Each structure stands twice: as C-alpha cells, then as structure tokens.
Amino acid sequence: MARIAVVTGGSRGIGEAISLALQKAGATVVANYAGNDEKARAFTERTGIAARKWDVGDHQACIDNCAAIAAEFGPIDIVVNNAGITRDGTLARMSYDDWHDVMRVNLGGCFNMAKACFPGMVERGWGRIVNIGSINGQAGQYGQVNYAAAKSGIHGFTKALAQEGAKKGVTVNAIAPGYIDTDMVAAVPAPVLEKIVAKIPVGRLGQAEEIARGVAFLCSENAGFVTGSTMSINGGQHMY
Ligand code: NDP
C-alpha cells in the first residue's frame, strides 16, 4: 500500500519538487500551503496532488488538518516540514513580530506537525519525518537572527526527536539546503545574490529537485538506519 505523505509548503518552490519526488517514489502526497490559492490550484491541476490550506504555525490547525487527511487518505506515514518564511533585518531593525512570526512558522510548524503525526507513526511502527533547515541555521547569516535561530533550532529538534523514534521505526532527519533557485531567493537583491553565488564552490545556485532527491532518499525504506542526521546540500558552500 502506498505511504501517505504530507509536505508542508508543498505547492511551490522546494516543497513542490519534494511533493513530486515523493509522488514519483510511490507515495500518496498531500501538499499543505498557506494562502496562495492560485499557485496551489495550478499545482493540483498539473500534478494531481491534493493541496490543503492551513497555517503550520497554528497548532490546532495542524492537529485538525492532519486528522482530516488521515480520515480521507489513510494514516500519515511521512511528514516533510518544509514550510518556511523570512522576515530579514538587522537586530536593530527587526521587530518582535518579525522574530516571533519566523519562530512560530519555521520552528513551531515542526513541533505542531510532529505533535499531530509522530504518535501515530510510533504506534504503527514506521514513520519518516524530514525537516528542512538551512545553511544559515548552520553558519548564521547577517540580518537573519530570527531565521538562523529557527533553522538552527530545527537541527536540535531533529536530533532530540530522532532519539524518541529510533526504537519505534520512526526516523527523523533534516536537510540543510544552501541557496536554491526559488521565489525566496529571487527576493534577495541582485548584487547580494551575485556575492552569494561567488562563494558557492560549485559555482551556481542549487535546484529544488536536488533537495527533493535527498528528501526522497531519507523517506525511503532504504534509509531506515539514517536518523538524527542533517544532510547538507549546498554546493560545498559550508563544510564541516
Ligand atoms: P518559497 O517561499 O518558495 O515557498 C514557501 C512555501 O511555504 C509555500 O508553499 C508557502 O505557501 C508555504 N508556507 C509559508 N508559510 C506557511 C505557513 N505559515 N503555513 C503553511 N505553509 C506556509 O520557499 P522555498 O521553496 O524557497 O523554501 C522552502 C523551505 O526551504 C523553507 O523552509 C526555507 O526556509 C528552506 N530553505 C530555502 C532555501 C532557498 O534557497 N530557497 C535555502 C535554505 C532553506 P503559499 O504558497 O501559500 O505562500
């Protein structure tokens, strides 16, 4: 029977590529999104993948929507916490709301989705959770104390939850993408982006599919011995 997978922020950007990679691997995929109905509708028409709108920063919305997805499609076996936002600015310019929004969605979303799906995975003895971190959570980034803290938190969250799932057949891993050619990166001013690309040893931005292939591996049967790890997919920009 096909695994049931939920990809948050799964209707565009890296999330769309992840949804497609999991579909290709045989899973029944449901893509979550926040508000861009037009993109979500076009995505569903193009791919046949169902899209469901809710805010992953809303705890109860995650619980309710995951229960509805399980009732409609079957128990959720795979969760990819990909939804993420930026509210960049130096500390001096960053408002409390900029801080809080990013923590609430990027890190809070992982907690909320795990609360909704991890217990069922443990009960059934199989599960995969993949959290999308960031190179900027590993290395830090000027003007991103909120984003870097949330993404860095994802890496700690991953290692802690992996320990709870390890004996129960549930793996929890993270992927830390480098700079990937999506709407999020298109928002970076061109001169800044040029400087960023100059620092990538591979000499280019990554493609969303390059992240998606890593996610598909971590969600596969073959990856049962991989847990608590962070896979860096960044063109060699940050090695450690
Ligand atoms: P995009 O901005 O292109 O897409 C973000 C997706 O997340 C959209 O589907 C959006 O929905 C959804 N989303 C945003 N907020 C919420 C929310 N509160 N609840 C539910 N869904 C939400 O992002 P990318 O594809 O570039 O990034 C995907 C992930 O990868 C993020 O976590 C990002 O931090 C991370 N990442 C990206 C890098 C890059 O270079 N692009 C580098 C490193 C990490 P909607 O369409 O409705 O707005």
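Residues numbered from 1 in each chain as written. Predicted model: local features only at pLDDT ≥ 70, side-chain atom pairs only at ≥ 80, totals over all residues. Heavy atoms only, no water.

1. Things to note about the pattern of salt bridges
Under the criterion given, the structure shown has eight salt bridges. Between aspartate 183 and arginine 12 there is a salt bridge; the shortest N-O distance is 3.0 Å. Of this pair, aspartate 183 sits in helix 7 (residues 183–186) while arginine 12 is found in the loop between strand 1 (4–7) and helix 1 (13–24), placing the two residues 171 residues apart along the sequence. A salt bridge links glutamate 72 to arginine 52; its shortest N-O distance comes to 3.0 Å. Of the two residues, glutamate 72 sits in helix 3 (residues 59–73) while arginine 52 sits in strand 3 (residues 50–53), which places them 20 residues apart along the sequence. Look at the salt bridges and you will find they share partners, linking Arg12, Lys39 and Asp183 into a network. (Salt bridge = Lys/Arg side-chain N within 4 Å of Asp/Glu carboxyl O. Helix = DSSP H or I, 4+ residues; strand = E, 2+ residues; numbered from the N terminus.)

2. Looking at the packing of aromatic side chains
Summed over all chains, the structure comprises zero aromatic pairs. Looking at arginine 3, its charged tip hangs above the ring of tryptophan 126, at a distance of 3.5 Å from the centre. (Phe/Tyr/Trp six-rings, centres within 6.5 Å; stacked < 30°, edge-to-face > 60°. Lys NZ or Arg CZ within 6 Å of the ring centre and 35° of its normal.)

3. So, the pairing of strand 5 (residues 127–132)
Strand 5 sits mainly inside the fold: six of its six residues count as buried. Side-chain alternation along strand 5 places Gly127, Ile129 and Asn131 on one buried face and Arg128, Val130 and Ile132 on a second face that is also buried. Note that strand 4 (residues 78–81) and strand 5 share four bridges and pair parallel. Across the sheet, valine 80 pairs through a bridge with valine 130, a residue of strand 5. For the crossover that starts at strand 4, traverses helix 4 (residues 96–124) and ends in the parallel strand 5, the hand is right-handed. In this structure, strand 5 lies alongside strand 6 (residues 170–177), joined through six bridges in parallel fashion. Within strand 6, the residue paired with asparagine 131 across the bridge is alanine 174. (Buried < 20%, exposed > 50% of the residue type's maximum accessible area, 1.4 Å probe, protein only. Pairing = 2+ DSSP bridges. Right-handed = clockwise from strand over helix to strand, strands pointing away.)

As far as function goes, none of this settles anything; it's purely spatial.
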